[in-house]
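So you can see what is in the structure, the chains are spelled out below.
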Amino acid sequence: MPLRPILSSLRHHKLTASLLILQVALTLAIVANAAFMVAQRVQRIHTPSGLAEQELSLIRVEGTAKDENHQARHAADLDALRRIPGVTAAVAVGWALPFSSSVNSYGVCPNEEALKRAMVASSLDHTGCMSIDTYSGGPGFLGALGLHVIAGRDFTADEYVTGDVPSILLTGAAAKKFFGGKDPLGQVVYAGRHSSRVIGIVSDTVRPMLRGDGSDGEVMLWPQLPDDNETSYLLRSAPADRARVLAAAVTTLQALDPNRLIPETGQRTYTQMREDYFQRDSTMVGLLLAAALGLLFVTALGVAGLANFWVQQRTRAIGIRRAIGATRADILCYFQAENALIVGGGVALGMLLALALNLLLMSRYELPRLPLWYLPVGALALWALGQLSVLAPALRASRVPPVVATRSV
């Protein structure tokens with residue numbers, strides 16, 4: 001297919017062709033970045049927690065009397081909850097858990113020297129200390145969550161206390177951050193003036209609120225018994241039994257003390273908890289997909305509309321070409337090639353605009369750098385969409401009979 005006649009034709013329609021090139025370029029720039037953001041959000045939504053989420057439910061109880069023996073109340077509640085058919089584990093846990101949006105964070109130092117530096121500087125920055133999110137609970141909470149010890153040991157019964165804890169467990173990421181290549185087992189860490197010994201490394205889990213800065217796996221677990229007016233009980237059961245177990249747990253706890261509050265918002269399966277946490281991400285994915293698909297649809301309409309207009313405008317010229325020997329395939333290829341040039345120019349400009357838009361988003365919203373492979377993939381997809389959009393008008397043009405040239409004279 002000779003390109004000179006096509007380029008000559010486009011020079012006579014500079015403004016129209018330029019506007020379509022600009023539309024294609026903007027579409028590629030926006031859609032490439034939107035696709036990247038969708039991929040980021042989807043990856044975030046599917047972040048593994050390391051817990052047995054499909055088997056877990058939580059129930060929050062409020063309003064136990066302040067002068068009540070909380071530990072005796074918890075023991076009575078847990079004894080009753082464990083009697084519910086289908087419950088395989090029931091423990092009292094702290095209010096911070098993965099995707100709970102409630103953070104229980106401590107400044108912890110790997111040695112006394114780091115602690116002194118932090119106290120002198122009144123900051124953890126550049127001292128070797130770090131702020132780490134903590135999960136706590138009663139005996140058995142590690143197994144109930146679905147976590148397991150991969151080095152060292154679990155907490156013993158006498159290590160569960162209501163105050164300062166004698167021992168802690170770290171995730172592998174937290175241990176590496178604290179001690180580098182040193183063996184973390186037996187090391188002592190300092191939280192304020194209190195010290196605890198690292199007794200084990202636990203399987204991977206994540207912070208209550210994801211940061212996305214590479215530190216999401218840095219978590220500490222300690223054997224601290226909940227001792228407050230408000231308590232959360234973690235129940236483990238078969239996935240299909242969770243709704244029934246939750247309903248039975250409410251009835252059981254109310255029967256033990258009808259004066260306590262068990263809000264509906266505090267009765268959730270872990271699946272619901274994850275959905276609530278990532279609700280904004282899911283909404284953003286939907287909005288981005290709708291915007292990207294809408295933009296692609298408008299661009300496809302623009303390409304098809306311009307091709308239709310040019311077919312109508314060139315009907316006589318097409319008839320003349322057919323009369324002097326052009327085949328239907330020649331006419332079809334002409335319009336496809338013309339569209340390929342326009343959309344090709346648009347995607348070339350669009351790749352540059354996509355990079356510029358990504359730099360702007362990085363500076364304003366801390367978006368990661370757009371992987372370069374998004375550009376050729378997006379360009380190829382948009383170029384293919386352009387070819388499909390122009391196919392119907394091009395086929396219509398190819399069916400123009402040679403006699404049209406005579407009728408138009």
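Located above this text is the structure these notes cover.
Right, let's walk through the structure included here. (Residues numbered from 1 in each chain as written. Predicted model: local features only at pLDDT ≥ 70, side-chain atom pairs only at ≥ 80, totals over all residues. Heavy atoms only, no water.)

### Overview of the state of the cysteines
Okay, so step 1: The full count for this structure, using the stated rule, is one disulfide.
Okay, so step 2: Between the sulfur atoms of Cys109 and its disulfide mate Cys129 the distance is 2.0 Å. A torsion of 105° about the S-S bond marks the disulfide between Cys109 and Cys129 as right-handed. Of this pair, Cys109 sits in the loop between strand E3 (105–108) and helix H4 (112–121) while Cys129 sits in the loop between H4 and strand E4 (130–136), and the two are 20 residues apart along the sequence. (Disulfide = S-S within 2.5 Å. Helix = DSSP H or I, 4+ residues; strand = E, 2+ residues; numbered from the N terminus.)

### Observations concerning the layout of surface pockets
Okay, so step 1: Of the pockets and cavities examined, the largest pocket occupies roughly 950 Å³.
Okay, so step 2: Contributing to the lining of the largest pocket are 24 residues, with Gln40, Arg41, Arg44, Arg211 and Asp281 lying nearest its centre.
Okay, so step 3: Sorting the residues of the lining of the largest pocket by element identifies helix H2 (14–45), helix H9 (279–313) and helix H11 (328–365) as the ones contributing at least two each.
Okay, so step 4: Element by element, the count of residues in the lining of the largest pocket is highest for H2, at five residues.
Okay, so step 5: Residues of the lining of the largest pocket, tallied by class, amount to eleven nonpolar, six polar and seven charged.
Okay, so step 6: If you add up the space inside the second largest pocket, you get close to 500 Å³.
Okay, so step 7: As for the second largest pocket, its lining consists of 27 residues, and the residues nearest its centre are Val93, Gly94, Trp95, Ala96 and Ser232.
Okay, so step 8: Elements with a contribution of two residues or more to the lining of the second largest pocket: strand E1 (56–62), E4 and strand E10 (230–236). (1 Å grid on protein atoms, 1.4 Å probe; cavity = no way out; pocket = protein on both sides within 12 Å on 5 of 7 lines; lining within 4 Å. Points joined across faces, edges and corners; volume = space filled by probe spheres on them. Nonpolar A, V, L, I, M, F, W, Y, C, P; charged D, E, K, R; others polar.)

### Let's talk about empty space enclosed by the protein
Okay, so step 1: Counted by the stated rule, this structure contains three cavities of 30 Å³ or more.
Okay, so step 2: Within this model, the largest cavity holds a volume of roughly 60 Å³.
Okay, so step 3: Lining the largest cavity we find Leu20, Val303, Leu306, Ala307, Trp310, Phe335, Glu338, Asn339, Ile342 and Val390.
Okay, so step 4: When residues of the lining of the largest cavity are traced back to their parent elements, those giving at least two are H9 and H11.
Okay, so step 5: In this structure, the second largest cavity encloses a volume near 40 Å³.
Okay, so step 6: In terms of lining, the second largest cavity is formed by Val108, Ile168, Val189, Ala191, His194, Ser195, Ser196, Met220 and Trp222.
Okay, so step 7: Mapped onto the lining of the second largest cavity, the elements with two or more residues apiece are strand E7 (188–191), strand E8 (194–202) and strand E9 (219–222).
Okay, so step 8: Its residues assigned to classes, the lining of the second largest cavity shows six nonpolar, three polar and no charged.

### What about the packing of helix H10 (residues 315–323) against H11?
Okay, so step 1: At a closest axis distance of 10 Å, the pairing of H10 and H11 adopts a crossing angle of 140°. Judged on the interaxial angle alone, H11 and H10 are oblique. Crossing of H10 against H11: the hand is right-handed. Contacts from Ile318, Arg321 and Arg322 in H10 reach Arg328, Ile331, Tyr334 and Phe335 in H11.
Okay, so step 2: Residues belonging to the contact of H10 with H11 are distributed by class as follows: four nonpolar, no polar and three charged. (Axes fitted to C-alpha atoms, helices over the stretch in contact; angles between N-to-C directions. Parallel < 35°, antiparallel > 145°, perpendicular 65-115°, else oblique. Left-handed = near helix turned anticlockwise from the far one by under 90°. Contact = heavy atoms within 4.5 Å.)

### What about the packing of aromatic side chains?
Okay, so step 1: For the coordinates displayed, the defined rule picks out ten aromatic pairs.
Okay, so step 2: Between Phe155 and Tyr160 the ring centres are 5.8 Å apart and the planes differ by 75°, which places this aromatic pair in the edge-to-face class. For the residue pair Phe155 and Tyr160, the accessibility class agrees, reading buried in each case.
Okay, so step 3: Judged by centre distance (4.2 Å) and plane angle (35°), the ring pair of Trp373 and Tyr374 falls under tilted. (Phe/Tyr/Trp six-rings, centres within 6.5 Å; stacked < 30°, edge-to-face > 60°. Buried < 20%, exposed > 50% of the residue type's maximum accessible area, 1.4 Å probe, protein only.)

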